[in-house]
Amino acid sequence: TKQIDFTLAFVHAPLDPGTYVEMPRGFEFDGMIMELNKNLYGLCNAPANFFYHLKGELEKRGFEACKESEPCLFINKTTGCMMLVYVDDCILFHKREDVIDDVIHSLNNPTGSQSGFDVGVEEDYAGFLGIDIKRHDDGSIELIQTGLIDRFLDAVELTGGTINTRLEPAHKELLGKDENGPPRRENWSYPSAIGMLLYLSSNSRPDISFAVSQCAQFNHCPKLVHEIAIKRIARYLKGTRDKGLILKPDSALSLEMYADADFAGLWSTEDPDDPICVRSRTGCVITLGGVPITWTSKLQTEIAVSTMHAEYIALSMSLRELLPISRLLNEICDELSIN
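Conventions adopted
- Residues numbered from 1 in each chain as written.
- Predicted model: local features only at pLDDT ≥ 70, side-chain atom pairs only at ≥ 80, totals over all residues.
- Heavy atoms only, no water.
- Pairing = 2+ DSSP bridges.
- Helix = DSSP H or I, 4+ residues; strand = E, 2+ residues; numbered from the N terminus.
- Axes fitted to C-alpha atoms, helices over the stretch in contact; angles between N-to-C directions.
- Contact = heavy atoms within 4.5 Å.
- Buried < 20%, exposed > 50% of the residue type's maximum accessible area, 1.4 Å probe, protein only.
- Expected span 1.5 Å × (residues − 1).
- Polar contact = N/O pair within 3.5 Å; in protein donor to acceptor, adjacent residues only side chain to side chain.
- Parallel < 35°, antiparallel > 145°, perpendicular 65-115°, else oblique.
- Left-handed = near helix turned anticlockwise from the far one by under 90°.
- Nonpolar A, V, L, I, M, F, W, Y, C, P; charged D, E, K, R; others polar.
- Core = buried A, V, L, I, M, F, W, Y, C linked by side-chain atoms within 4.5 Å.
- Phe/Tyr/Trp six-rings, centres within 6.5 Å; stacked < 30°, edge-to-face > 60°.

Colleague: How do you make sense of the sheet that holds strand E4 (residues 63-66) when you look at a structure like this?
Modeller: The strands making up a sheet associate through hydrogen bonds between their backbones, and the pairing can be parallel or antiparallel. Ordered in space as E4-E5-E6-E7-E1-E8, the six strands form an open sheet in which the pairing is antiparallel. Strands with a single pairing partner mark the edges of an open sheet, and in this sheet they are E4 and strand E8 (119-121). When strand polarity is set aside, the average angle formed by the axes of neighbouring strands in this sheet is 30 degrees. In this sheet, strand E6 (residues 82-86) lies alongside strand E5 (residues 70-76) in antiparallel orientation, the contact comprising three bridges. Across the sheet, Leu73 pairs through a bridge with Leu84, a residue of E6. The sheet strands contacting helix H1 (residues 46-60) are strand E1 (2-6), E4, E5, E6 and strand E7 (89-93), and the helix crosses E5 at an angle near 20 degrees. Contacting E1, E4, E7 and E8, helix H2 (residues 97-108) runs over the sheet at an angle of about 5 degrees to E1.

Right under this line is the structure:
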C-alpha cells in the first residue's frame, strides 16, 4: 500500500467556458474581467470538477470505478491494482510494490492523451486520514487515533496529569433534554467537540458510539448535564488513550450483521407528552471475517408501538447498511475474478 497526495489538487482540473472572476487587486484593468481556464479553490463545484477530472484520467490508465456500490473505489482489471479516492488523499493497494509505483509514475508522467498531476508519495496505509495503524505480533492490526483524542482533550480542557478517568463512557441513566436545567458553565465549543467525537467513534472507537450519539442530539441547545456527559466521555478516553479497534480477520471472510433495539428508552426520563421520548434506538454492527467494518447507534425515525415493531425497524435500518456492502463485495470479487 502507498498513500499519495495531489499538490494543489483542484487546480489540475480544467473548466468549461463561462466562469469569470474579478481582476485581482493590483492588476485591475477598467472594464475587464478574467475567464478561468482551470479549476479554482473556493468554487462551489471545485471538488466535483477535480473528482471527475481524476476519474477520467484514471480511466485512461485502465481503471474503472465500482459504479453501483462505491464510485470512489477504482480497480484496474488488468493489473488488479485498487485505488481508493478521498478528495485529494488517495491510497493504492496491490500485492506488488512495482505495480503501485508504475501507477504513480504514470500520474506524474502522462503519455498520449493523458494529463499529468503533481503527485506526492507519503507512507503506506498507516496514518491514512489521521488513523494510525499498529501491527501486533499475532498478525492483528490496531486502529488508533491518539492525535485526535489529544486534540479533543485539549479542546474540552482536560489535559492535566491529575485528571480522574472513567471506566465507562456514559452513565447508566439515559441522557435527556433537561430543558429547565442549569446552563453550561464552560466556554469551549460543544459542536466542535461533538464533531471530533463523531469522527473518532466512526473510525476506531465503536465503544463510545452510544455515548456520542446521545450527546449529539443536543448540539443546538446543550445544557450543563450535556456538558458533563461530554466530560465523562473525555475522562474515559483519557484512560484509554492508547487503545483502539483491533482487527484480525478469519480466513472465511463471511459477511454478518447484528442488530438490536431499545424500545422507547427515554420514556421514564423525558416528558411523556414529548414524542421524542418514545423513539426507540437501533444498534447495529456489520462484520467481515469477524472484523467490524461499520457500526451505528442512533434513534429510529419512526415511532414503534411495541418491542417487536422496534426490532423490525432496527432490522430494516440495518439491512439498508448491509445490502450496499454486500453488492460492493460482490462487485469487487467479480472485478478481480475471486470466488
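Colleague: Which parts of the structure should I look at to understand the sheet that holds strand E11 (residues 245-247)?
Modeller: Taking strand neighbours across the sheet as the criterion, the three strands line up as E9-E10-E11 in an open arrangement whose pairing is antiparallel. Taken across any chain shown, the strands that pair with only one partner, and hence form the sheet edges, are strand E9 (132-135) and E11. Strand-to-strand twist in this sheet, taken as the mean axis angle between neighbours without regard to direction, amounts to 25 degrees. Sheet topology places strand E10 (residues 141-144) next to E11; three bridges connect them, and they run antiparallel. Residue pairing in the sheet places Glu142 in a bridge with Ile246 of E11.

Colleague: Explain the pairing of E5 to me, please; I cannot follow it from the model alone.
Modeller: Here is the key point about a regular strand: its side chains alternate between the two faces of the sheet. Both E4 and E5 contribute to a ladder of four bridges, which runs antiparallel. Residue pairing for E5: Ala65 is matched across the bridge by Phe74. Between E5 and E6, which pair antiparallel in sequence order, lie five residues; one of them, Gly80, sits at a positive phi of approximately 80 degrees.

Colleague: I'm lost on helix H5 (residues 209-216) in this one. Help?
Modeller: Here H5 lies mainly inside the structure; six of its eight residues are buried. Taken together, the buried positions of H5 are Ser209, Ala211, Val212, Ser213, Gln214 and Cys215. Where H5 is buried, its residues touch helix H4 (190-203), helix H6 (224-239), strand E13 (281-288) and strand E14 (291-299).

Colleague: Which parts of the structure should I look at to understand H6?
Modeller: One turn of the α-helix equals 3.6 residues, which is why residues spaced by three or four share an orientation. End to end, H6 covers 23 Å across 16 residues, agreeing with the expected 22 Å (1.5 Å per residue, within 8%). Turning to H6, its buried residues are Leu224, His226, Glu227, Ala229, Ile230, Lys231, Arg232, Ile233, Ala234, Tyr236 and Leu237. As for H6, its buried residues are in contact with helix H3 (146-155), H4 and H5.

Colleague: Could you clarify how one ought to interpret the environment of Glu186 in this entry?
Modeller: Counting through the fold element by element, Glu186 comes out in the loop between H3 and H4. What makes Glu186 partly exposed here is its relative accessible area of 26%. Along the backbone, Glu186 and Ala304 are 118 residues apart, and their C-alpha atoms lie at a distance of 37 Å. Apart from residues lying up to four places away in sequence, Glu186 is in contact with Val156, Glu157, Glu227 and Lys231. Side chain to side chain, Glu186 and Trp188 meet in a polar contact 2.8 Å long.

Colleague: What am I meant to see in the packing of H3 against H4 here?
Modeller: Look at H3 against H4: their axes get within 10 Å of each other, and the N-to-C directions meet at 160 degrees. Our classification of the angle between H3 and H4 gives roughly antiparallel. H3 and H4 meet at a crossing whose hand is left-handed. Contact with H3, carried on its side by Leu148, Ile149, Arg151, Phe152 and Ala155, involves Ala193, Met196, Leu197, Tyr199 and Leu200 of H4 and no other residues of that element. Among the residues forming the contact of H3 with H4, the class breakdown is nine nonpolar, no polar and one charged.

Colleague: In this structure, what is going on with the nonpolar core? I would like to understand it.
Modeller: For soluble globular proteins, the rule of thumb is that nonpolar side chains tend to be buried together. By size, the foremost hydrophobic cluster in this structure holds 26 residues, and its most contacted members are Phe152, Val156, Leu197, Cys215, Ile230 and Leu237. Secondary-structure elements contributing two or more residues to this core are H3, H4, H5 and H6. Membership of the second largest hydrophobic core comes to 24 residues, among which are Ala9, Ile100, Ile104 and Phe117.

Colleague: In this structure, what is going on with the packing of aromatic side chains? I would like to understand it.
Modeller: Here a ring pair, both rings aromatic, is described through the centre-centre distance and the interplanar angle of the planes. In this structure the tally under the stated criterion is seven aromatic pairs. An angle of 50 degrees between the planes, with centres 6.2 Å apart, marks the rings of Phe51 and Phe74 as tilted. Placement of Phe51 in helix H1 and of Phe74 in strand E5 is noted, with a sequence separation of 23 residues between them. The two residues Phe51 and Phe74 agree in class, both being buried. With centroids separated by 6.5 Å and ring planes inclined at 10 degrees, the aromatic side chains of Trp188 and Tyr190 adopt a geometry described as stacked. Each member of the pair, Trp188 as well as Tyr190, is classed as buried.

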